[in-house]
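Geometric and topological summary
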Amino acid sequence: MKELNAAPKKSWGQLLVVSSLIFGMFFGSGNLIFPVHLGQMAGSNWFLAALGFAISGSLFPLLAILAVVVTKSDGLLDLARPVGKHAAAIFLILVHLTIGPFFATPRTAATAYEMAVQPFIPKHWSTLGMLLFTGLFFAATYLAATHQQHLLKIVGKYLNVGFLALLAIIFIVAFLKPMGSLAQTPTATYQANATIGGLLEGYNTLDAVALLALSVTLIHAIRGLGYEGRELTKLTAKAGIISISLEVLIYFGLVLLGALSMSQLKLSANGGTALSQIVGHYFSSVGTLLLGALVTLGVLTTAIGLVSSFAQDFHKLFPKVGYRTWLWVTTILSFLVANAGLDTIITWSLPVLMLMYPLALALIGLSLTVASRPYAGTIYKVTMAFTILPAILDMLNSAPAMISQFTPIHTALGIYHQYLPFASLGLGWLVPTLIGFGIGFAWGAFRYANQTANLPESDR
């Protein structure tokens, strides 16, 4: 083991490769298209909106990585265990279903198909084209995920380099010849609360939730390089900061790209359409092909990380079922859901996202602040209990009209928005979570003080 760790000459190279792995595992389709659409909506307030997006799309994922390494957790199940064994298992299942076969993983293939393949085939072949493309996409994903010992090389050295090279070409051309000025008036949401609007838009990336789960794949890959203990923690933290910093620069560039496009384009329905139009403006007929390659490379790296993490954590939770079996399960389910289409996936993912983000952020905050305290379990339980109700209400508020407009739910949501601070901004969970943290901390400290007071002095 000593020989594995004694490689100072290679440390910088390994740091950069691990940074690339972290970046490639969570920078996917959402990270590419949502900032562009945000820029179009924010207009002249693009910088404040980009700042908010960077907080939720970059800072929160970095904190998720740090939460895992600081607590020395071997995955999401360990991280959430202070809430309770069963609660941790339920949370792990919900996270993996959200970022796995129900929403995020199918979204990678559906986005790649709509931006890379659909423009080149007749409309009446679209269904068959989707079936064939997603089949090939998930076959490649499965093959890469079955060779975990090569995952670092596949993602960090090859796919990610191609993705960044293609993105750099678009930025260079676009900023050398901008489409217009930044005089566009922001939409209503971004006139008064551009930073908050950008922060909530960043929720759509799902990165803070995803990094809690993807960390298990990351840690296994780093251990494969021979790092353990404090060295593993230091390398992961440094690599996380590097990768997140790169992502922030890309976010600001994409938001600016969207804002500049409004001089010649109309506000698009989504970021995928906006990015297609922008790239088409600069590269004409070659633009769509370039964009398709860019998106496909980006989302394939994400899909590999997602299915690997799903299989590893479910194998740990249900050890009688092997890793490869779980890999088959998530790959096949993702293939089936992807063929429902991108619009359907996005529509039904938003309510679940609004439920999961508050819970994930509360868990990250607890892990970084009180995980080492002897009464941490009490703080975790009380805080999460106070977080769950407003998170459920946010989920219902974002649900399709047939659910959110159901009379009892509609009435409850009206009271929620009227009396709870920040609820109208989509942050109604924040105050209850802080109150729960304070109560849990005080109650845990009080109980611990009483318990230790009754112990013999030698046992305190």
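These remarks concern the structure in this document. (Residues numbered from 1 in each chain as written. Predicted model: local features only at pLDDT ≥ 70, side-chain atom pairs only at ≥ 80, totals over all residues. Heavy atoms only, no water.)

A closer look at the packing of aromatic side chains
Worth spelling out the cut-off: Pairing of aromatic side chains here covers Phe, Tyr and the six-membered ring of Trp, requires ring centres within 6.5 Å, and sorts the geometry by plane angle: under 30 degrees stacked, over 60 edge-to-face, intermediate tilted. Each helix is a run of DSSP H or I of at least 4 residues and each strand a run of E of at least 2, with the numbering of both proceeding from the N terminus. Each residue gets one of three labels from its accessible area relative to the maximum for its type: buried under 20%, exposed over 50%, partly exposed in between, using a 1.4 Å probe on protein chains only.
Applying the stated criterion across every chain yields a total of 19 aromatic pairs. Note on F310 and F314: the rings are 4.2 Å apart at their centroids and 15° apart in plane angle, and the pair reads as stacked. Here F310 and its partner F314 are both found in helix α14 (residues 271–317), four residues apart, which amounts to about one turn of the helix. Judged on exposure class, the residue F310 and its partner F314 are both buried.

Focus on the packing of helix α17 (residues 376–397) against helix α20 (residues 430–453)
Note the following rule: To define axes, lines are fitted to C-alpha atoms, for helices over the stretch in contact only, and angles between the resulting N-to-C directions are given on a 0 to 180 degree scale. To sort the angles, those under 35 degrees are grouped as roughly parallel, those over 145 as roughly antiparallel, those from 65 to 115 as roughly perpendicular, and the leftovers as oblique. Left-handed describes a crossing in which the near helix is turned anticlockwise from the far one by less than a right angle; the clockwise case is right-handed. Note on definitions: a residue-residue contact is assigned when non-hydrogen atoms from the two residues lie within 4.5 Å.
Where α17 meets α20, the axes come as close as 7 Å, and the angle between the chain directions of the two elements is 155°. The pairing of α17 with α20 is recorded here as roughly antiparallel in orientation. Viewed along their axes, α17 and α20 form a crossing whose handedness is right-handed. Seen from α17, the contacting residues are T378, I379, V382, T383, F386, T387 and P390; seen from α20, they are P432, T433, I435, G436, F437, I439, G440, F441, W443, G444 and R447.

Points about the layout of surface pockets
The condition is simple: Whether a set of points on the 1 Å grid over the protein atoms alone is a cavity depends on a 1.4 Å probe fitting there but being unable to get out, while an open set qualifies as a pocket with protein on both sides within 12 Å along at least five of seven lines; lining residues are those with an atom within 4 Å of a point. Grid points are joined across faces, edges and corners, and a volume is the space filled by probe spheres set on the points. Ten residue types, Ala, Val, Leu, Ile, Met, Phe, Trp, Tyr, Cys and Pro, are classed as nonpolar, four, Asp, Glu, Lys and Arg, as charged, and the remainder, Gly among them, as polar.
A volume near 560 Å³ is recorded for the largest pocket. Considering the residues around the largest pocket, the lining is formed by 27 residues, among which L200, E201, L350, M354 and S398 are closest to the centre. Elements with a contribution of two residues or more to the lining of the largest pocket: α10 (189–192), α11 (194–202), α16 (342–369) and α17. In terms of residue count, the dominant contributor to the lining of the largest pocket is α16 (six residues). Here the residues of the lining of the largest pocket are counted per class, giving 13 nonpolar, eleven polar and three charged.

Thoughts on the environment of L290
On the secondary structure map, L290 appears in helix α14. Each C-alpha atom, one on L290 and one on I169, is 9.7 Å from the other, the two residues being 121 residues apart in sequence. Look past the residues within four positions of L290 in its chain and what remains in contact with it is L166, I170 and F283.

Let's talk about a nonpolar patch on the surface
The criterion, for reference: Patch definition: residues above 30% relative accessible area lacking any salt bridge, with like charges linked at up to 9 Å and the nonpolar side chains Val, Leu, Ile, Met, Phe, Trp and Tyr linked at up to 5 Å. Surface accessibility in these figures is a Shrake-Rupley result with a 1.4 Å probe; residues are shielded only by whichever protein chains are displayed. The salt bridge criterion pairs a side-chain nitrogen of Lys or Arg with a carboxyl oxygen of Asp or Glu, the two atoms within 4 Å.
A grouping of F102, W328, V329, I332, L333 and L336 is seen on the molecular surface, where their side chains present a nonpolar patch of about 530 Å² in accessible area. Along the chain, L336 turns up in helix α15 (residues 323–338).

Quick look at the side chain of E201
To keep it simple, the criterion reads: In this tally Asp and Glu are treated as negative and Lys and Arg as positive; neither His nor the chain ends contributes.
In this fold, E201 is placed in helix α11. Here E201 occupies a buried position and makes no salt bridge, while the nearest side chain of opposite charge, R107, is found at 9.4 Å. Not counting the four nearest positions on each side in its chain, E201 is found in contact with F34, L38, M41, F53 and Y190.

Description of α14
Selection criterion: Take the number of residues in a helix, subtract one, and multiply by 1.5 Å to get its expected span. Note on bend: the value at a residue is the angle between axes fitted to the seven residues ending there and to the seven starting there.
Spanning 47 residues, α14 covers only 37 Å between terminal C-alpha atoms, well under the ideal 69 Å at 1.5 Å per step. The largest bend in α14 is about 135°, located at F283.

Comments concerning the nonpolar core
Applicable threshold: To define a nonpolar core, start from buried Ala, Val, Leu, Ile, Met, Phe, Trp, Tyr and Cys residues and group those joined through side-chain atoms within 4.5 Å.
If you look at the biggest cluster of nonpolar residues, it comprises 71 residues, and the most contacted ones within it are F91, Y203 and Y357. No other element matches α16, which puts twelve residues into this core. Apart from the residues lying within four places of it in its own chain, the contact partners of Y203 are S56, L353, M354, Y357, L361, L427 and W429. F23, L32, F137 and I170 belong to the second-largest nonpolar core, a separate cluster that totals 59 residues.

So, unusual backbone geometry
Comment: phi is negative for the bulk of residues other than glycine, and the bulk of peptide bonds are trans. Of note, L206 is a non-glycine position whose phi angle comes to about 65°, a positive value. When you line up the elements, L206 lands in the loop between α11 and α12 (207–223).

A closer look at the pattern of salt bridges
A full pass over the atoms with the stated rule returns two salt bridges. D78 is the salt-bridge partner of R81, the closest N and O atoms lying 3.4 Å from each other. R81 gets classed as partly exposed once you look at its relative accessible area, which sits at 38%. Using a relative accessible area of 29% as the deciding quantity, one classes D78 as partly exposed. Residues E231 and K234 are paired through a salt bridge, measuring 3.9 Å at the closest nitrogen-oxygen approach. Here E231 and its partner K234 are both found in helix α13 (residues 229–261), three residues apart, which amounts to about one turn of the helix. The class of E231 is partly exposed, set by a relative accessible area of 40%. Judged by its relative accessible area of 40%, K234 is partly exposed.

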